[in-house]
Amino acid sequence: MKNIPLIVTVGNVAILPYYIIWLKEASMTYTLFAWFFAMFSFAAAWGYRVYQAKKNKGQSFIFLVYTGMGALYLAVGLIRSPFDSLPYVVLFIQVLLGFQQGYFRAWHIEQKEYHLHAVHHYLLVGFAMIGLSLVNVLSPSFFLNLFGCLLLVCAVGEILRKKDAVEKSIEMGD
């Protein structure tokens, strides 16, 4: 269960090429594509800052970040064709994903396992990208939906991990 953050970081990097394909198709112009990424970056900085400004960093609701990211990736994977308001939807998605990514990154670097995760992250991303490059038949939306579901599973795992930790602390306090 303590490897959930590693799964999320590797998954975010491995899914990025598929997400970029979707984002490029949704943006229609390079300028709009660049603006969408700029908004993602600004929102990530905001999310990072929000976590860093927290007074009680031990009380984290990171499962909500996993749930939010999972739901957004599922939504992106389910959008099949462009529609008039799609750029506004994409902007909203970029801001939410960016904020959650920044918040997650700030939380993750404070975890005890972060240094070990950083080393494993690079190795796993390399293997994941080689593996994904060999799959030609599936559409980007398949991978986006798959990663969204994986993030939701991670959220449930985090909830169970927290529940176990609370139960253990109650038992030790008795």
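Here we summarise the structure given alongside this text. (Residues numbered from 1 in each chain as written. Predicted model: local features only at pLDDT ≥ 70, side-chain atom pairs only at ≥ 80, totals over all residues. Heavy atoms only, no water.)

### Considering unusual backbone geometry
Line of reasoning, step 1. Its identity is not glycine, yet Met 28 carries a phi of approximately 70°, on the positive side.
Line of reasoning, step 2. By secondary structure assignment, the location of Met 28 is in the loop between helix H1 (4-27) and helix H2 (30-52). (Helix = DSSP H or I, 4+ residues; strand = E, 2+ residues; numbered from the N terminus.)

### Topic: the packing of aromatic side chains
Line of reasoning, step 1. For the structure shown, the criterion picks out 14 aromatic pairs.
Line of reasoning, step 2. A centroid spacing of 6.3 Å and a plane angle of 25° characterise the contact between Phe 99 and Tyr 103, whose relative ring orientation is stacked. Note that Phe 99 and Tyr 103 are positioned in helix H4 (residues 86-108) at a spacing of 4 residues, about one turn of the helix.
Line of reasoning, step 3. According to the relative accessible area criterion, Tyr 103 is buried, its value standing at 11%. (Phe/Tyr/Trp six-rings, centres within 6.5 Å; stacked < 30°, edge-to-face > 60°. Buried < 20%, exposed > 50% of the residue type's maximum accessible area, 1.4 Å probe, protein only.)

### Remarks on the nonpolar core
Line of reasoning, step 1. Within the largest apolar cluster, 35 residues are counted, with the highest numbers of intra-cluster contacts made by Tyr 19, Trp 22, Tyr 66 and Tyr 73.
Line of reasoning, step 2. For this core, the secondary-structure elements that each account for two or more residues are H1, H2, helix H3 (62-78), H4 and helix H6 (140-173).
Line of reasoning, step 3. A per-element tally of this core places H1 first, with 9 residues.
Line of reasoning, step 4. Residues in contact with Tyr 73, not counting those within four places in the same chain, are Asn 12, Ile 15, Tyr 19, Leu 97, Leu 144, Asn 145, Phe 147, Gly 148 and Leu 151. (Core = buried A, V, L, I, M, F, W, Y, C linked by side-chain atoms within 4.5 Å. Contact = heavy atoms within 4.5 Å.)

### Quick word on H2
Line of reasoning, step 1. Compared with an ideal rise of 1.5 Å per residue, which puts 23 residues at 33 Å, H2 spans 33 Å between its outermost C-alpha atoms and is within 8% of the ideal.
Line of reasoning, step 2. For H2, the complete set of buried residues consists of Phe 33, Phe 36, Ala 43, Ala 44, Gly 47 and Tyr 51.
Line of reasoning, step 3. Elements that come into contact with the buried residues of H2 comprise H1 and H4. (Expected span 1.5 Å × (residues − 1).)

None of the figures reported here should be taken as evidence of function without further support.
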